[in-house]
Amino acid sequence: MAPVRIGVLGCADIARRRMLPAMAAADGLEVAAVASRDAERARELAGRFAARPVHGYAALLERDDVDAVYVPLPAALHAEWTEAALRAGKHVLAEKPLTTDPDATARLVELAGRSGLALMENVMFVHHSQHEAVRTLVAEGAVGEPRAFHAMFAIPRLPDDDIRHRADLGGGALWDTGVYPVRAALHFLGDGLRVVGATLSSGPGRTVDTAGTALLAGPEGVGAQLTFGLAHAYRSTYEIWGSEGRITVDRAFTPPADLVPRVRLERRTGIQEIPLPADDQVARTVTAFVEAVRAGAAPDPVILRQAALVRAVREHAAA
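Predicted, not measured: the structure shown is a model, and the values here were computed from it.

Participant: It is not clear to me how the nonpolar core should be interpreted in this structure. Could you clarify?
Facilitator: One broad trend across soluble globular proteins is that nonpolar side chains are buried collectively. Core analysis: the biggest nonpolar cluster contains 46 residues, and Val134, Phe149, Leu216, Leu226, Tyr238, Ile247 and Phe253 have the highest contact counts within it. Here this core gets nine residues from one element, more than from any other, and that element is helix α7 (residues 173–189). In contact with Phe253, not counting residues within four places along its chain, are Phe125, Ala151, Met152, Phe153, Tyr180, Pro181, Ala184, Ser236, Thr237, Tyr238 and Gln281. Counting residues in each nonpolar core, the second largest holds 30 residues, with Met19, Ala22, Ala68 and Val293 among its members.

Participant: Please clarify how empty space enclosed by the protein should be interpreted in this entry.
Facilitator: Leftover empty space is mapped by rolling, across the atoms, a probe with the size of a water molecule. Taken as a whole, this structure holds two cavities of 30 Å³ or more when the rule is applied. By volume, the largest cavity amounts to about 80 Å³. As for the largest cavity, its lining consists of 14 residues, of which Pro97, Thr99, Thr105, Gln306 and Ala307 are closest to the centre. Counting residues per element, the ones that place at least two in the lining of the largest cavity are α5 (102–115), α7 and α9 (302–318). Counting residues per element, the lining of the largest cavity draws most heavily on α9, which supplies four residues. Residue composition of the lining of the largest cavity, grouped by class: eight nonpolar, four polar and two charged. As a volume, the second largest cavity reaches approximately 40 Å³.

Participant: Can you walk me through the packing of aromatic side chains in this structure?
Facilitator: The geometry of an aromatic ring pair is captured by two quantities: the separation of the ring centres and the angle between the planes. A full pass over the atoms with the stated rule returns 11 aromatic pairs. Taken together, the aromatic side chains of Phe125, Phe149, Phe153, Tyr180, Phe188, Tyr234, Tyr238 and Phe253 make up a single cluster linked through ring pairs.

Participant: When you look at the packing of helix α4 (residues 78–87) against α5 in this model, what are you seeing that I'm missing?
Facilitator: A pair of packed helices is captured by two measures, namely the crossing angle of their axes and the spacing between those axes. At a minimum axis separation of 10 Å, α4 and α5 run at an interaxial angle of 15 degrees. The angle between α4 and α5 falls in the class roughly parallel. The hand of the α4/α5 crossing is left-handed. Across the interface between the two elements, Ala79, Thr82, Glu83, Leu86 and Arg87 from α4 touch Ala104, Leu108, Leu111 and Ala112 from α5. Classifying every residue of the contact of α4 with α5 by side-chain character gives six nonpolar, one polar and two charged.

Participant: What is the right way to read the pairing of strand β11 (residues 235–242) from this model?
Facilitator: Residues in a regular strand point their side chains to alternate faces of the sheet. Among the eight residues of β11, six are classified as buried, and the element is accordingly described as predominantly covered. The pairing of strand β7 (residues 146–154) with β11 spans eight bridges and is classified as antiparallel. Note that in β11 the partner of Ala148 across the bridge is Trp241. One ladder, built from five bridges, connects β11 with strand β12 (residues 245–250); its direction is antiparallel. Bridge pairing in β12 places Thr237 opposite Asp250.

Participant: Just to check I follow, could you spell out the environment of Gly218 for this structure?
Facilitator: Inspection of the secondary structure assignment puts Gly218 in the loop between β9 (211–217) and β10 (223–229). Sequence-distant contacts of Gly218, defined by excluding residues within four places in its chain, comprise Gly192 and Leu193.

Participant: Honestly, the pairing of strand β13 (residues 262–267) in this entry has me stumped. Any pointers?
Facilitator: In this structure, β12 lies alongside β13, joined through five bridges in antiparallel fashion. Along β13, the bridge assignment pairs Gly245 with Arg267. By the bridge criterion, six bridges tie β13 to strand β14 (residues 270–275) in an arrangement that is antiparallel. The residue of β14 that forms the bridge with Leu265 is Gln272. What sits between the antiparallel neighbours β13 and β14 is a turn of two residues.

Participant: Any chance you could explain the sheet that holds strand β6 (residues 119–122) here in plain terms?
Facilitator: Across a sheet, strands are paired by hydrogen bonds formed along the backbone, either parallel or antiparallel in direction. Read from one edge of the open sheet, six strands run β3-β2-β1-β4-β5-β6, paired in parallel fashion. Looking at which strands have only one partner, the edges of the open sheet turn out to be β3 (52–55) and β6. Put simply, the sheet's adjacent strands are angled 25 degrees from each other on average, direction ignored. Across six bridges, the pairing between strand β1 (residues 4–9) and strand β2 (residues 29–36) is parallel. Directly across from Ile6, in β2, lies its bridge partner Val31. Helix-sheet contacts for α4 involve β1, β4 (68–71), β5 (91–95) and β6, and the interaxial angle to β5 is about 170 degrees.

Participant: Help me understand α7, please; the structure alone is not making it clear to me.
Facilitator: Residues spaced three or four apart along an α-helix point in a common direction, a consequence of the helix completing one turn every 3.6 residues. The terminal C-alpha atoms of α7 lie 23 Å apart, and with 17 residues this matches the ideal 24 Å at 1.5 Å per residue to within 8%. At Val179, α7 shows its maximal kink, close to 45 degrees; a proline, Pro181, follows between one and four residues later. For α7, the tally of buried residues reaches 16 of 17 residues, placing the bulk of the element in the interior. The positive-phi residue at the C-terminal boundary of α7 is Gly190, with phi of around 80 degrees.

Participant: Honestly, helix α6 (residues 129–139) in this entry has me stumped. Any pointers?
Facilitator: Along α6, the positions that sit buried rather than exposed are Gln130, His131, Val134, Leu137 and Val138. Take α6 and look down its axis: the buried residues cluster within an arc of 115 degrees, on one side only. Contacts from the buried residues of α6 go to β7, α7, β11, β12, β13 and β14. Of the residues one or two after α6, Gly141 is the one with positive phi, at around 85 degrees.

Conventions adopted
- Residues numbered from 1 in each chain as written.
- Predicted model: local features only at pLDDT ≥ 70, side-chain atom pairs only at ≥ 80, totals over all residues.
- Heavy atoms only, no water.
- Core = buried A, V, L, I, M, F, W, Y, C linked by side-chain atoms within 4.5 Å.
- Buried < 20%, exposed > 50% of the residue type's maximum accessible area, 1.4 Å probe, protein only.
- Helix = DSSP H or I, 4+ residues; strand = E, 2+ residues; numbered from the N terminus.
- Contact = heavy atoms within 4.5 Å.
- 1 Å grid on protein atoms, 1.4 Å probe; cavity = no way out; pocket = protein on both sides within 12 Å on 5 of 7 lines; lining within 4 Å.
- Points joined across faces, edges and corners; volume = space filled by probe spheres on them.
- Nonpolar A, V, L, I, M, F, W, Y, C, P; charged D, E, K, R; others polar.
- Phe/Tyr/Trp six-rings, centres within 6.5 Å; stacked < 30°, edge-to-face > 60°.
- Axes fitted to C-alpha atoms, helices over the stretch in contact; angles between N-to-C directions.
- Parallel < 35°, antiparallel > 145°, perpendicular 65-115°, else oblique.
- Left-handed = near helix turned anticlockwise from the far one by under 90°.
- Pairing = 2+ DSSP bridges.
- Expected span 1.5 Å × (residues − 1).
- Bend = angle between axes of the 7 residues up to and from the residue.
- Arc of directions from axis to C-beta.

Rendered as structure tokens:
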């Protein structure tokens, strides 16, 4: 089977460090082209992966030797270039959030489905096998009946000139780190979640939110407390608290490929550290995208539910 030929729109850090190396190593995928508004940057990055440099994003979308595109641009540009790629007949893997507007997200999902094109939001942690192991433990009754879900993802203070501090580019903690706990709540608690409270705050001199919290409620009475930020001691964890115990996962959202995950299970009878196999969630995500392209899979509806919850967090925080 011929490889899926992918082009990259932009030379963002995540493309350089994580996605392009994973794409180059993946079976069934060929890094065909790298585009940049700066021709020299395109040549430099494309040269690392034996890809063709392209000057300008639109020029890449016009190429007939590109089947799919990866969009690692700032969040505010995702809707524009994802739509352009879909209308050019390309499958799309876009960084999260897919857009900063749930209505735009819905239009893109509808366009992809109508066009028979794969559209995937690059939320990578859900592809890591440790979370399926947690689901299995919960399903087997390891913590009894789930009562509460807590998730936290925050990173240390960013440089002042980081694009995540720019409102015009879709910056802010909610779009950058808040998506992870929201998606984790959906992953473990399923449909029917609603936001019942939220806060967003900005650090001194910032025009975007740099910290936030949200309280969600599920139809089964399980509450979810979410915390996220851009100026904190690093934290990447979630816990599922039940009637008979608690499961905790550290390094939950961005674990290195060589990390041996350990799920902590606390029960009345004692504490158990359960080691799991190391896993590469970046490679797994790339593989999932290739499979979606080949299958002509419709976009996952969770994209829409996540977008609606993120908007509800912002609306509750502004109320």
